Amino acid sequence: MGNDLKLRRWCESDCRTIYEWRVDPSTMRWCIDQSMFSYEEHARWFAAFLSDSGRCGFILEDGSNPVAQIRFDPAEMPGCYRISLAAAPNLTGKGYGSSILRLACHTEEIRRRAALLVAETLHENLPSQKIFVRNGFIQAGQGKSGSAELNCWLLPLAVVAQPLPIQFFAEPVWLEDIEKILSATGLAFPGDATARIKMFLGAAVSKEELYSSTLLHLNVSDSTLLDLAMRFPADLKLPVEFYNPLTAVVQIAASLSYLQQG
Ligand SMILES: CC(C)(COP(=O)(O)OP(=O)(O)OC[C@H]1O[C@@H](n2cnc3c(N)ncnc32)[C@H](O)[C@@H]1OP(=O)(O)O)[C@@H](O)C(=O)NCCC(=O)NCCS
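First, a word on what this report is: a plain description of the structure on this page. (Residues numbered from 1 in each chain as written. Predicted model: local features only at pLDDT ≥ 70, side-chain atom pairs only at ≥ 80, totals over all residues. Heavy atoms only, no water.)

## Topic: the packing of aromatic side chains
Moving on, step 1. Tallied over the full model, the rule gives 11 aromatic pairs.
Moving on, step 2. Between Trp10 and Trp45, the ring centres sit 6.2 Å apart and the planes meet at 65°, which makes this aromatic pair edge-to-face. Here the residue Trp10 occupies a position in the loop between strand E1 (5–9) and helix H1 (15–23), and Trp45 occupies one in helix H3 (residues 39–50), the gap between them amounting to 35 residues.
Moving on, step 3. Judged by centre distance (5.2 Å) and plane angle (25°), the rings of Trp10 and Phe46 are stacked. Of this pair, Trp10 sits in the loop between E1 and H1 while Phe46 sits in helix H3, and the two are 36 residues apart along the sequence. (Phe/Tyr/Trp six-rings, centres within 6.5 Å; stacked < 30°, edge-to-face > 60°. Helix = DSSP H or I, 4+ residues; strand = E, 2+ residues; numbered from the N terminus.)

## A few points about the site of the ligand
Moving on, step 1. With respect to spatial proximity, 20 residues lie near the ligand, and among them Ala87, Gly93, Gly95, Gly97 and Asn125 are the closest.
Moving on, step 2. Within the backbone of Gly93, one N or O atom sits 2.7 Å away from an oxygen atom of the ligand.
Moving on, step 3. Side-chain polar atom of Asn125 to an oxygen atom of the ligand: 2.7 Å apart, as the coordinates give it.
Moving on, step 4. Here the ligand occupies the largest pocket.
Moving on, step 5. Put simply, the parts of the chain that give the shell around the ligand at least two residues each are strand E4 (80–87), helix H4 (96–105) and helix H6 (126–134).
Moving on, step 6. With five residues, H6 is the single largest residue contributor to the shell around the ligand. (Near = heavy atom within 4 Å. Polar contact = N/O pair within 3.5 Å; in protein donor to acceptor, adjacent residues only side chain to side chain. 1 Å grid on protein atoms, 1.4 Å probe; cavity = no way out; pocket = protein on both sides within 12 Å on 5 of 7 lines; lining within 4 Å. Sits in = over half its atoms within 2 Å of the grid points.)

## Let's talk about H6
Moving on, step 1. Inspection of H6 places Ser128, Gln129, Ile131 and Phe132 among the buried residues, and these make up the whole buried set.
Moving on, step 2. Taken together, the buried residues of H6 touch E4, H4, strand E5 (116–122) and strand E7 (148–156).
Moving on, step 3. Positive phi shows up at Gly136, right after H6, with a value of about 85°. (Buried < 20%, exposed > 50% of the residue type's maximum accessible area, 1.4 Å probe, protein only. Contact = heavy atoms within 4.5 Å.)

## Digging into the pattern of salt bridges
Moving on, step 1. Evaluated as defined, the whole model comprises 11 salt bridges.
Moving on, step 2. Notably, a salt bridge pairs Arg113 with Glu109, separated by 2.9 Å at the nearest N-O pair. Of this pair, Arg113 and Glu109 both sit in helix H5 (residues 108–113), separated by four residues, roughly a single helical turn.
Moving on, step 3. Assessed through its relative accessible area of 15%, Arg113 is described here as buried.
Moving on, step 4. Judged by relative accessible area, which is 17%, Glu109 ranks as buried.
Moving on, step 5. In this structure, the salt-bridge partner of Lys144 is Glu149, at a minimum N-O distance of 3.7 Å.
Moving on, step 6. Looking at Lys144, the relative accessible area reads 48%, which means it is partly exposed.
Moving on, step 7. Connected via shared salt-bridge partners are Lys6, Arg8, Asp14 and Glu61. (Salt bridge = Lys/Arg side-chain N within 4 Å of Asp/Glu carboxyl O.)

## So, empty space enclosed by the protein
Moving on, step 1. Following the criterion strictly, the structure yields one cavity of 30 Å³ or more and no others.
Moving on, step 2. Within this model, the largest cavity holds a volume of roughly 40 Å³.
Moving on, step 3. For the largest cavity, the full set of lining residues is Glu76, Arg82, Val118, Ala119, Glu120, Cys152, Trp153, Leu154, Tyr243, Thr247 and Gln251.
Moving on, step 4. Of all the elements in the fold, those that place two or more residues in the lining of the largest cavity are E5, E7 and helix H9 (245–261).
Moving on, step 5. Of the residues that constitute the lining of the largest cavity, the class distribution is six nonpolar, two polar and three charged. (Points joined across faces, edges and corners; volume = space filled by probe spheres on them. Nonpolar A, V, L, I, M, F, W, Y, C, P; charged D, E, K, R; others polar.)

Coordinates in, geometry out; function isn't part of it.
Spelled out as structure tokens, the structure:
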């Protein structure tokens, strides 16, 4: 890796490079979505991406050579963005993946848009695990996509002066994990009955409880859905599907602090 690294936004002329990197077998094997697509399909997707102000992609250059790329797409909740990245297939293992992750996540642009970054990587993808851990991402359990096992990653970007109290109604085993992940992210903490925000995970509740105080209801029994969001301060198209309940809880907490600040 040289000393002349420069991060810049994607532009039209990156279309072919990003396609070639994406369909290279050494990148493909680590993609969660293994479907193949033509260059024409990619070019349409790329043009739509560039014209969408809600999304954002960066290239890392070493000298004038493109060496890695990263993109940020809106995740499930407002203020949360999902990362996908790749190093140039012939240039992996040289530190470019880690560098683009570090540089892009802390740009002014991303800090302005995102309270929380999320990512998922295939369980066996050791290089990606290394770069996420090295750059301060917190592992938030596992998830599944079809039969593939995934690791879920979170990076809170918002500096929250006063973490939100949320009262949780959940099995003790979930409460323990929720407490740990919230303390690691610093976005919220498990509050008592005075907390304005209440979140039910799985546990059956009476209609009365549901309509008198519930803000959010996560169904953890089979998949992880947010199936009720009364008085949530943004429009959400329900149900919202998450990779696991912990990433759901943290995205919701990040989203609430993001919406309150905005
Ligand atoms: C994940 C990825 C972006 C990492 O980029 P990179 O430039 O290779 O990362 P780094 O050079 O910073 O190295 C990461 C670590 O993984 C190791 N590594 C990289 N490629 C490796 C390989 N093929 N086999 C074994 N280890 C490897 C590196 O040695 C390094 O470990 P170390 O610092 O302890 O020596 C890159 O491997 C890649 O593009 N993979 C395909 C796409 C992908 O998996 N994206 C992530 C999911 S969104």
